[in-house]
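Close look at the chain arrangement
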Amino acid sequence: PFAPVTLRTKAGEAYVSWRAEDLEAGRHMTMCYEVTPEMRSLCPAVVHVDGTARPQVVDERDGLYFQVLEAYFEESGVHTLINTSFNLHEDPIVCTPADAVSAFEGGACDVLAAYPFLVTACTAIP
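Note that the structure is predicted; figures quoted are calculated from it, not measured. (Residues numbered from 1 in each chain as written. Predicted model: local features only at pLDDT ≥ 70, side-chain atom pairs only at ≥ 80, totals over all residues. Heavy atoms only, no water.)

**Section: the sheet that holds strand S5 (residues 80-83)**
Here 3 strands make up an open sheet; going across it, the order is S4-S1-S5 and the pairing mixed. Bordering the open sheet on either side are strand S4 (56-58) and S5, each of which pairs with just one other strand. Each neighbouring strand pair of the sheet contributes to a mean axis angle of 30 degrees, computed without reference to strand direction. Across 4 bridges, strand S1 (residues 3-7) lies against S5 in antiparallel orientation. The residue of S5 that forms the bridge with alanine 3 is asparagine 83. Relative to S1, helix H4 (residues 63-76) is tilted by about 80 degrees, and along the sheet it contacts S1, S4 and S5. (Pairing = 2+ DSSP bridges. Helix = DSSP H or I, 4+ residues; strand = E, 2+ residues; numbered from the N terminus. Axes fitted to C-alpha atoms, helices over the stretch in contact; angles between N-to-C directions. Contact = heavy atoms within 4.5 Å.)

Next comes the structure, spelled out in structure tokens:
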């Protein structure tokens, strides 16, 4: 299933009963929360059938991951993105650059960003 990654500063708007003390557990996706009606409307793909989600909550300690989400929020007003594992069906999660290239070649994603590279599929033009 898909999971949300949410800015810490907006977690209270997204999850019922979110508390600042939950941040460490939230950083590691170890707790489920009932989602607020606003969150259900904003990001329906991350809401389980029982109305809950298992979020990853990020803040400044999460470096580039946080910066990307914060920039997306500033541009769009949306504080949450979909967070899912990077692997092909029934393969282990990507752990190395070679794993990432293999998953990319197998169709796991359309674009592979591996600093300092940005790889896209080339399409032959007839």
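Once you've had a look at it, read on.
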